Amino acid sequence: MKITMLGTGAALPDPDRGQSAILISTESGRHYLLDCGEGATRQMLRANINPADVGVVFLTHLHHDHICDFPYFVISGWMLNRETSPVLLGPKGTRRFSDHLFENGAYQADFKARSAYPLRKANLAAVRPDVREIAPGLVYDDGELRMIAGHVDHLPHEVCECFGVRVEAEGKVVAFSGDTKPCAGMVDLARDADLLIHECTFPQSFIDHRAKTGVGTFSHTSPLGLGMLASEARAKSVVATHFGHFDSTSPVLKRAAGKHLPTELMGPHLMDEVVRDIRRNYAGPLRLADDLMRIDL
Ligand SMILES: [Zn+2]
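What counts, and where the lines are drawn
- Residues numbered from 1 in each chain as written.
- Predicted model: local features only at pLDDT ≥ 70, side-chain atom pairs only at ≥ 80, totals over all residues.
- Pairing = 2+ DSSP bridges.
- Helix = DSSP H or I, 4+ residues; strand = E, 2+ residues; numbered from the N terminus.
- Axes fitted to C-alpha atoms, helices over the stretch in contact; angles between N-to-C directions.
- Contact = placed C-beta atoms within 7 Å.
- Buried ≥ 20, exposed ≤ 12 C-beta atoms within 10 Å, placed from the backbone.
- Core = buried A, V, L, I, M, F, W, Y, C linked by C-beta atoms within 7 Å.

*Asks:* Which residues make up the sheet that holds strand β11 (residues 195-199), and what values do they have?
*Replies:* Spatially, seven strands are ordered β7-β8-β9-β10-β11-β12-β13 in an open sheet, and the strand pairing comes out mixed. Each having just a single partner strand, β7 (137-141) and β13 (286-288) make up the two edges of the open sheet. Neighbour to neighbour, the strand axes of the sheet diverge by 20° on average, direction disregarded. Those strands touched by helix α8 (residues 223-233) are β11 and β12 (238-241), and its axis lies near 155° from that of β11. Most of the contacts of helix α10 (residues 270-279) go to β13, to which it runs at about 155°, and overall it touches β12 and β13.

*Asks:* Got a sec to walk through the environment of G214? Specific residues and values, please.
*Replies:* Looking at the secondary structure, you find G214 in the loop between α7 (204-213) and α8. When the 8 C-beta atoms within 10 Å are taken as the criterion, G214 is described as exposed. With 89 residues separating them along the chain, G214 and A125 place their C-alpha atoms 43 Å apart.

*Asks:* I'd love a proper account of unusual backbone geometry, names of residues and values included.
*Replies:* Notably, N48 is not glycine yet its phi reads approximately 65°, a positive angle. With respect to the helices, strands and loops of the structure, N48 is situated in the loop between α1 (40-46) and β4 (54-58). Positive phi outside glycine occurs at H245, with the angle close to 70°. Within the secondary structure, H245 sits in the loop between β12 and α9 (251-256).

*Asks:* Give me the lowdown on the nonpolar core, citing residues and values where you can.
*Replies:* In terms of nonpolar packing, the biggest core is built from 76 residues, with I22, L33, V165, V174 and L196 touching the most fellow members. Take this core: its biggest share by element is five residues, from helix α2 (residues 70-79). In this view, V174 contacts I3, I24, V167, A193, D194, L195, I197 and L297; residues no more than four positions away in its chain are not counted.

Any functional reading would require information beyond the geometric quantities listed.
Below, the structure is given as C-alpha coordinates:
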(Lines give C-alpha, C1' and ligand atoms only; values in the text may rest on other atoms or scores of the structure.)
Protein backbone atom coordinates (compact mmCIF):
# COMPACT_ATOMS: atom_id res chain seq x y z
CA MET A 1 0.00 0.00 0.00
CA LYS A 2 0.98 3.60 -0.45
CA ILE A 3 0.67 6.26 2.22
CA THR A 4 0.67 9.95 1.31
CA MET A 5 1.06 12.50 4.08
CA LEU A 6 -1.24 15.18 2.69
CA GLY A 7 -1.03 17.46 5.72
CA THR A 8 1.45 17.38 8.59
CA GLY A 9 0.72 20.54 10.61
CA ALA A 10 -1.56 21.28 13.55
CA ALA A 11 -4.23 23.77 14.57
CA LEU A 12 -2.82 27.10 13.39
CA PRO A 13 -2.54 28.22 9.77
CA ASP A 14 0.97 27.46 8.58
CA PRO A 15 2.51 28.52 5.27
CA ASP A 16 4.55 25.32 5.10
CA ARG A 17 2.18 22.63 6.37
CA GLY A 18 -1.42 21.66 5.73
CA GLN A 19 -3.49 20.30 8.61
CA SER A 20 -3.90 16.66 9.56
CA ALA A 21 -4.67 14.38 6.59
CA ILE A 22 -3.22 11.03 5.53
CA LEU A 23 -4.20 9.12 2.42
CA ILE A 24 -3.87 5.33 2.25
CA SER A 25 -4.02 3.79 -1.24
CA THR A 26 -4.16 0.06 -1.93
CA GLU A 27 -2.83 -1.82 -4.95
CA SER A 28 -6.35 -2.24 -6.29
CA GLY A 29 -6.78 1.54 -6.49
CA ARG A 30 -8.94 2.20 -3.44
CA HIS A 31 -8.25 5.31 -1.39
CA TYR A 32 -8.94 5.92 2.31
CA LEU A 33 -8.47 9.22 4.10
CA LEU A 34 -7.49 9.54 7.76
CA ASP A 35 -8.52 13.03 8.94
CA CYS A 36 -9.54 15.86 6.67
CA GLY A 37 -7.83 19.02 7.90
CA GLU A 38 -7.25 22.18 5.88
CA GLY A 39 -5.67 21.54 2.50
CA ALA A 40 -6.50 17.82 2.28
CA THR A 41 -8.53 18.11 -0.92
CA ARG A 42 -6.11 20.34 -2.80
CA GLN A 43 -3.18 18.16 -1.73
CA MET A 44 -4.93 15.14 -3.29
CA LEU A 45 -4.73 16.89 -6.65
CA ARG A 46 -1.04 17.53 -6.11
CA ALA A 47 -0.62 13.81 -5.31
CA ASN A 48 -2.47 12.91 -8.53
CA ILE A 49 -5.53 11.58 -6.71
CA ASN A 50 -9.09 12.54 -7.65
CA PRO A 51 -11.03 13.38 -4.43
CA ALA A 52 -14.04 11.64 -6.01
CA ASP A 53 -12.07 8.37 -5.87
CA VAL A 54 -11.58 8.53 -2.10
CA GLY A 55 -14.32 6.30 -0.71
CA VAL A 56 -13.82 6.39 3.05
CA VAL A 57 -12.95 9.15 5.50
CA PHE A 58 -12.00 8.40 9.11
CA LEU A 59 -12.06 11.36 11.52
CA THR A 60 -9.96 10.76 14.63
CA HIS A 61 -11.76 13.56 16.51
CA LEU A 62 -13.66 16.76 15.83
CA HIS A 63 -11.01 19.42 16.40
CA HIS A 64 -11.12 21.74 13.38
CA ASP A 65 -7.60 20.90 12.19
CA HIS A 66 -8.82 17.33 11.55
CA ILE A 67 -12.15 18.08 9.88
CA CYS A 68 -12.34 21.56 8.37
CA ASP A 69 -11.63 20.49 4.76
CA PHE A 70 -14.48 17.97 4.81
CA PRO A 71 -17.16 20.19 3.17
CA TYR A 72 -14.68 21.14 0.45
CA PHE A 73 -13.82 17.46 -0.03
CA VAL A 74 -17.48 16.41 -0.33
CA ILE A 75 -18.62 19.22 -2.63
CA SER A 76 -15.52 18.79 -4.81
CA GLY A 77 -16.26 15.07 -5.12
CA TRP A 78 -19.84 15.90 -6.12
CA MET A 79 -18.60 18.27 -8.83
CA LEU A 80 -16.02 15.73 -9.98
CA ASN A 81 -18.79 13.19 -10.60
CA ARG A 82 -18.48 10.90 -7.58
CA GLU A 83 -21.25 8.33 -7.93
CA THR A 84 -21.66 6.99 -4.40
CA SER A 85 -21.85 8.43 -0.90
CA PRO A 86 -18.49 8.80 0.81
CA VAL A 87 -18.37 6.73 4.00
CA LEU A 88 -17.68 8.98 6.98
CA LEU A 89 -16.42 7.34 10.18
CA GLY A 90 -15.94 9.39 13.32
CA PRO A 91 -16.76 9.85 16.99
CA LYS A 92 -20.15 10.73 18.40
CA GLY A 93 -21.00 14.19 17.01
CA THR A 94 -19.84 13.32 13.49
CA ARG A 95 -23.44 12.99 12.28
CA ARG A 96 -24.35 16.38 13.67
CA PHE A 97 -21.24 17.88 12.06
CA SER A 98 -22.07 16.40 8.66
CA ASP A 99 -25.84 17.03 8.82
CA HIS A 100 -25.20 20.72 9.45
CA LEU A 101 -23.09 21.14 6.35
CA PHE A 102 -24.86 20.23 3.14
CA GLU A 103 -28.46 20.30 1.93
CA ASN A 104 -29.90 21.32 5.32
CA GLY A 105 -26.92 23.23 6.59
CA ALA A 106 -24.25 25.81 5.98
CA TYR A 107 -23.92 25.04 2.25
CA GLN A 108 -27.66 24.86 1.58
CA ALA A 109 -27.60 27.66 -1.01
CA ASP A 110 -24.76 25.96 -2.85
CA PHE A 111 -26.67 22.68 -2.74
CA LYS A 112 -29.83 24.30 -4.13
CA ALA A 113 -27.96 26.06 -6.91
CA ARG A 114 -25.92 23.08 -8.07
CA SER A 115 -28.62 20.44 -7.70
CA ALA A 116 -30.71 22.35 -10.28
CA TYR A 117 -28.39 20.93 -12.96
CA PRO A 118 -29.23 17.45 -14.30
CA LEU A 119 -25.64 16.25 -14.03
CA ARG A 120 -25.50 17.18 -10.33
CA LYS A 121 -28.98 15.89 -9.65
CA ALA A 122 -27.83 12.55 -11.03
CA ASN A 123 -25.20 12.11 -8.29
CA LEU A 124 -26.80 13.58 -5.18
CA ALA A 125 -25.47 10.58 -3.25
CA ALA A 126 -22.05 12.22 -3.47
CA VAL A 127 -23.16 15.05 -1.20
CA ARG A 128 -25.00 12.76 1.23
CA PRO A 129 -22.25 11.12 3.29
CA ASP A 130 -22.86 7.66 4.73
CA VAL A 131 -22.14 8.64 8.35
CA ARG A 132 -21.17 5.96 10.87
CA GLU A 133 -20.45 7.05 14.44
CA ILE A 134 -17.94 4.63 15.89
CA ALA A 135 -17.10 2.88 19.14
CA PRO A 136 -13.80 1.17 19.95
CA GLY A 137 -13.18 -2.03 17.97
CA LEU A 138 -13.51 -3.00 14.33
CA VAL A 139 -15.12 0.00 12.60
CA TYR A 140 -14.58 -0.75 8.92
CA ASP A 141 -13.92 -3.82 6.78
CA ASP A 142 -14.45 -3.97 3.03
CA GLY A 143 -12.68 -7.28 2.58
CA GLU A 144 -9.51 -5.55 1.50
CA LEU A 145 -8.79 -3.16 4.35
CA ARG A 146 -9.78 -3.18 8.01
CA MET A 147 -9.80 -0.30 10.48
CA ILE A 148 -9.70 -0.95 14.20
CA ALA A 149 -10.31 2.13 16.35
CA GLY A 150 -9.37 2.69 19.97
CA HIS A 151 -9.65 5.53 22.44
CA VAL A 152 -6.68 7.79 22.92
CA ASP A 153 -6.14 10.51 25.50
CA HIS A 154 -6.57 14.03 24.12
CA LEU A 155 -9.89 15.63 25.16
CA PRO A 156 -12.42 14.85 27.89
CA HIS A 157 -14.90 12.28 26.50
CA GLU A 158 -17.87 14.56 27.24
CA VAL A 159 -16.34 17.16 24.89
CA CYS A 160 -15.28 14.73 22.17
CA GLU A 161 -14.15 11.14 22.04
CA CYS A 162 -10.73 10.90 20.42
CA PHE A 163 -9.58 7.85 18.49
CA GLY A 164 -6.42 6.31 17.16
CA VAL A 165 -6.70 3.72 14.41
CA ARG A 166 -4.97 0.53 13.31
CA VAL A 167 -5.28 -0.12 9.58
CA GLU A 168 -4.65 -3.64 8.24
CA ALA A 169 -4.35 -4.28 4.51
CA GLU A 170 -2.23 -6.30 2.09
CA GLY A 171 -0.55 -8.08 4.99
CA LYS A 172 0.71 -4.84 6.50
CA VAL A 173 -0.28 -2.78 9.53
CA VAL A 174 -0.28 1.01 9.81
CA ALA A 175 -1.28 2.70 13.05
CA PHE A 176 -2.20 6.38 13.32
CA SER A 177 -2.51 8.18 16.64
CA GLY A 178 -4.71 11.15 15.84
CA ASP A 179 -4.00 13.61 18.67
CA THR A 180 -3.08 12.22 22.06
CA LYS A 181 -0.66 12.18 24.88
CA PRO A 182 1.17 8.86 25.17
CA CYS A 183 -1.37 6.27 26.31
CA ALA A 184 -1.78 2.51 26.68
CA GLY A 185 -4.60 2.49 24.10
CA MET A 186 -2.25 3.76 21.43
CA VAL A 187 0.42 1.22 22.37
CA ASP A 188 -2.18 -1.51 21.80
CA LEU A 189 -3.19 -0.12 18.40
CA ALA A 190 0.44 0.19 17.32
CA ARG A 191 1.58 -3.23 18.57
CA ASP A 192 4.14 -4.67 16.07
CA ALA A 193 2.87 -2.28 13.37
CA ASP A 194 4.92 -2.05 10.19
CA LEU A 195 4.47 1.70 10.40
CA LEU A 196 3.44 3.94 13.27
CA ILE A 197 2.37 7.43 12.22
CA HIS A 198 2.21 9.37 15.46
CA GLU A 199 1.58 12.93 16.43
CA CYS A 200 4.57 14.80 17.80
CA THR A 201 2.93 18.15 18.36
CA PHE A 202 5.34 19.88 20.70
CA PRO A 203 8.79 19.45 22.20
CA GLN A 204 8.63 19.11 25.98
CA SER A 205 9.47 22.80 26.52
CA PHE A 206 6.35 23.79 24.53
CA ILE A 207 4.10 21.34 26.39
CA ASP A 208 5.37 22.77 29.70
CA HIS A 209 4.67 26.32 28.44
CA ARG A 210 1.07 25.42 27.53
CA ALA A 211 0.47 23.65 30.83
CA LYS A 212 1.63 26.85 32.56
CA THR A 213 -0.33 29.38 30.47
CA GLY A 214 -3.51 27.30 30.19
CA VAL A 215 -4.05 28.19 26.52
CA GLY A 216 -5.04 25.13 24.50
CA THR A 217 -4.75 21.50 25.44
CA PHE A 218 -1.41 20.09 26.42
CA SER A 219 -2.53 16.49 25.98
CA HIS A 220 -0.04 15.94 23.19
CA THR A 221 3.03 13.79 22.68
CA SER A 222 6.58 15.06 23.01
CA PRO A 223 9.44 13.45 21.04
CA LEU A 224 10.62 11.76 24.22
CA GLY A 225 7.14 10.29 24.78
CA LEU A 226 6.90 9.18 21.17
CA GLY A 227 10.20 7.30 21.34
CA MET A 228 9.10 5.49 24.49
CA LEU A 229 5.73 4.59 23.01
CA ALA A 230 7.18 3.36 19.71
CA SER A 231 9.64 1.19 21.54
CA GLU A 232 7.03 -0.22 23.91
CA ALA A 233 4.72 -1.05 20.97
CA ARG A 234 7.66 -2.58 19.04
CA ALA A 235 6.70 -0.51 15.98
CA LYS A 236 8.88 -1.46 13.01
CA SER A 237 9.12 2.09 11.66
CA VAL A 238 7.93 5.52 12.73
CA VAL A 239 6.77 8.68 10.99
CA ALA A 240 6.33 11.68 13.30
CA THR A 241 3.70 14.20 12.21
CA HIS A 242 1.21 16.88 13.36
CA PHE A 243 3.97 19.33 14.18
CA GLY A 244 2.62 22.26 16.18
CA HIS A 245 4.34 25.03 14.21
CA PHE A 246 7.36 25.01 16.50
CA ASP A 247 9.61 24.63 13.45
CA SER A 248 8.01 27.55 11.61
CA THR A 249 9.87 30.66 10.51
CA SER A 250 6.62 32.49 9.67
CA PRO A 251 6.84 36.06 11.01
CA VAL A 252 3.05 36.12 11.36
CA LEU A 253 3.05 33.03 13.59
CA LYS A 254 5.97 34.35 15.58
CA ARG A 255 4.18 37.67 16.14
CA ALA A 256 0.73 36.28 16.81
CA ALA A 257 1.16 32.96 18.59
CA GLY A 258 2.80 34.28 21.74
CA LYS A 259 -0.06 33.19 23.95
CA HIS A 260 -0.06 29.65 22.55
CA LEU A 261 3.63 29.02 22.09
CA PRO A 262 6.97 30.17 23.46
CA THR A 263 7.69 31.91 20.14
CA GLU A 264 11.23 32.91 21.09
CA LEU A 265 12.16 29.21 20.93
CA MET A 266 10.59 28.53 17.51
CA GLY A 267 12.60 27.52 14.46
CA PRO A 268 13.67 24.63 12.23
CA HIS A 269 16.61 23.87 14.54
CA LEU A 270 14.09 22.25 16.92
CA MET A 271 13.77 19.30 14.52
CA ASP A 272 17.26 18.19 15.63
CA GLU A 273 15.98 18.13 19.20
CA VAL A 274 12.95 16.13 18.06
CA VAL A 275 15.10 13.42 16.47
CA ARG A 276 17.52 13.36 19.41
CA ASP A 277 14.68 12.93 21.91
CA ILE A 278 12.85 10.22 19.94
CA ARG A 279 16.17 8.40 19.56
CA ARG A 280 16.67 8.23 23.32
CA ASN A 281 14.24 5.31 23.39
CA TYR A 282 13.63 4.21 19.81
CA ALA A 283 16.34 2.99 17.42
CA GLY A 284 14.37 1.85 14.36
CA PRO A 285 13.66 3.62 11.05
CA LEU A 286 12.39 7.15 11.68
CA ARG A 287 11.18 9.94 9.44
CA LEU A 288 9.78 13.39 10.19
CA ALA A 289 6.78 14.02 7.96
CA ASP A 290 6.52 16.77 5.39
CA ASP A 291 3.48 17.51 3.28
CA LEU A 292 3.18 15.12 0.33
CA MET A 293 5.75 12.69 1.76
CA ARG A 294 5.11 9.27 0.25
CA ILE A 295 5.69 5.97 2.00
CA ASP A 296 5.45 2.62 0.21
CA LEU A 297 4.84 -0.38 2.43
ZN1 LIG B 1 -4.78 18.39 15.94
